[in-house]
Amino acid sequence: MALTVENLSKNFGKTTVFKDISFTVDRGEIVCIMGKSGEGKTTLLRCINNLETVDSGSIKINNLYLCNEVNGKIQYASKENMKEIRQEMGLVFQNYNLFPHMTVMENILEAPLFLKKTNRKDIEKRANYLISELELKDKENNYPYQLSGGQKQRVAIARACMLNPSILCFDEPTSALDESTRSQISKIIRNLASQNIAIIIVTHDNAFVEEISQRVITLSNGSISE
Ligand SMILES: Nc1ncnc2c1ncn2[C@@H]1O[C@H](COP(=O)(O)OP(=O)(O)OP(=O)(O)O)[C@@H](O)[C@H]1O
Ligand SMILES: [Mg+2]
């Protein structure tokens, strides 16, 4: 299993966002997470991507625990395991979170050059491959402000794919896109799933869910149902 979430609970102060939720996502699967505004969808994605801590339960990425309960206390992965886990995860934010002062190419190269997993030449080769896959060839020297919404989205996807993740998460990937750009994105996402990546998509967009989803998980009142 790419992702195993067990009995996960998250509170902000006295507010419970979700309680005891469990689900799994396999590689190659496309799972949509739906639910009303404020139900905790973004918070759940942030917890899975270690941008937010949880209060109890466990999150397992492939065979490594991002967090786990040991003697009733939540314990996070060691620094070494965390580095490995980070490389397995990609997150495409709703507002894309591109670095505004960096070009498309620089945005895509930033994390892998920082992590130095392989040499610069191989990193650039993968970047060029993704740039051409995502049809950004003539945009690589543009800055984010010089891109359309759909192009920014594709840069964010290329950036998230650089480290060959086994899980890719999307927060509202279609909220700023028109219909034809939406079907382009769903084609790209389906293609990623066919490369054996587990895809988790938070969305309100029913038409998009119809088009792409293999499973739907609904968050409601802090619990999930499938
Ligand atoms: N950093 C925070 N501190 C305190 N409360 C927070 C924080 N982040 C989110 N919340 C609260 O947690 C709940 C879930 O928020 P979240 O953003 O996960 O909802 P969502 O399902 O993604 O909503 P939307 O569909 O509107 O994006 C909300 O009640 C929100 O106010
Ligand atoms: Mg949200």
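Residues numbered from 1 in each chain as written. Chains lettered and ligands numbered in written order. Predicted model: local features only at pLDDT ≥ 70, side-chain atom pairs only at ≥ 80, totals over all residues.

> Explanation requested: the overall build of the protein in the structure shown.
Scanning the protein from N- to C-terminus turns up seven helices and eleven strands. In terms of C-alpha radius of gyration, the protein reaches 17 Å, essentially the compact-globule figure of 17 Å for 226 residues. Projecting the C-alpha coordinates of the protein onto the three principal axes gives extents of approximately 50 × 40 × 30 Å. By residue count, 36% of the 226 residues in the protein fall in the buried class. For the protein, restricting intrachain contacts to residue pairs at least 6 apart in sequence, the fraction spanning at least 24 positions comes to 67%. (Helix = DSSP H or I, 4+ residues; strand = E, 2+ residues; numbered from the N terminus. Rg over C-alpha atoms; globule rule 2.2 N^0.38 Å. Buried ≥ 20, exposed ≤ 12 C-beta atoms within 10 Å, placed from the backbone. Contact = placed C-beta atoms within 7 Å.)

> What is the right way to look at the nonpolar core in this model?
Across soluble globular proteins, nonpolar side chains have a tendency to be buried as a group. Counting residues in hydrophobic clusters, the biggest one holds 59 residues, and the most contacted among them are I33, A158, I167, I199 and I200. Beyond its immediate stretch of four places on either side in the chain, I199 contacts E29, I30, V31, L168, I189, L192 and A193. (Core = buried A, V, L, I, M, F, W, Y, C linked by C-beta atoms within 7 Å.)

> Where do I start with the pairing of strand 1 (residues 3-12) in this structure?
Looking down a regular strand, the side chains alternate between one sheet face and the other. As defined by bridge partners, strand 1 adjoins strand 2 (residues 15-25) across seven bridges and the pair is classed as antiparallel. Each bridged residue has a counterpart across the sheet, and for N11 the counterpart in strand 2 is T16. With antiparallel pairing between neighbouring strands as the criterion, strand 1 and strand 2 make up a hairpin whose turn holds two residues, including G13 at a positive phi of roughly 60°. Here strand 1 pairs with strand 4 (residues 56-61) via five bridges, running antiparallel. Of the residues in strand 4, the one forming a bridge with T4 is K60. (Pairing = 2+ DSSP bridges.)

> What's the story with the site of ligand 1 in this structure? I'm lost.
The environment of ligand 1 is formed by F12, V17, G35, S37, G38, E39, G40, K41, T42 and T43. Element by element, the count of residues in the shell around ligand 1 is highest for helix 1 (residues 41-48), at three residues. When the residues that make up the shell around ligand 1 are grouped by side-chain class, the tally is two nonpolar, six polar and two charged. (Near = placed C-beta within 6 Å. Nonpolar A, V, L, I, M, F, W, Y, C, P; charged D, E, K, R; others polar.)

> What is the right way to read the packing of helix 3 (residues 104-115) against helix 4 (residues 120-133) from this model?
Each pair of packed helices can be summarised by the angle the axes make with each other and by the distance between the axes. The interhelical angle for the contact between helix 3 and helix 4, taken along N-to-C directions, is 140°, at an axis separation of 10 Å. Here helix 4 runs oblique to helix 3, going by the angle between their axes. The crossing of helix 3 and helix 4 is right-handed. Of the residues in helix 4, those in contact with M105, I108, L109, P112 and L113 of helix 3 are R120, I123, A127 and L130. For the contact of helix 3 with helix 4, a count of residues per class yields eight nonpolar, no polar and one charged. (Axes fitted to C-alpha atoms, helices over the stretch in contact; angles between N-to-C directions. Parallel < 35°, antiparallel > 145°, perpendicular 65-115°, else oblique. Left-handed = near helix turned anticlockwise from the far one by under 90°.)

> Is there a simple way to explain unusual backbone geometry in this structure?
Trans peptide bonds make up most of the peptide bonds, and negative phi angles are found at most residues other than glycine. Unusually for a residue other than glycine, N7 sits at a positive phi of about 50°. Judged by the 13 C-beta atoms lying within 10 Å of it, N7 falls in the partly exposed class. Phi is positive for N62, close to 50°, though the residue is something other than glycine.

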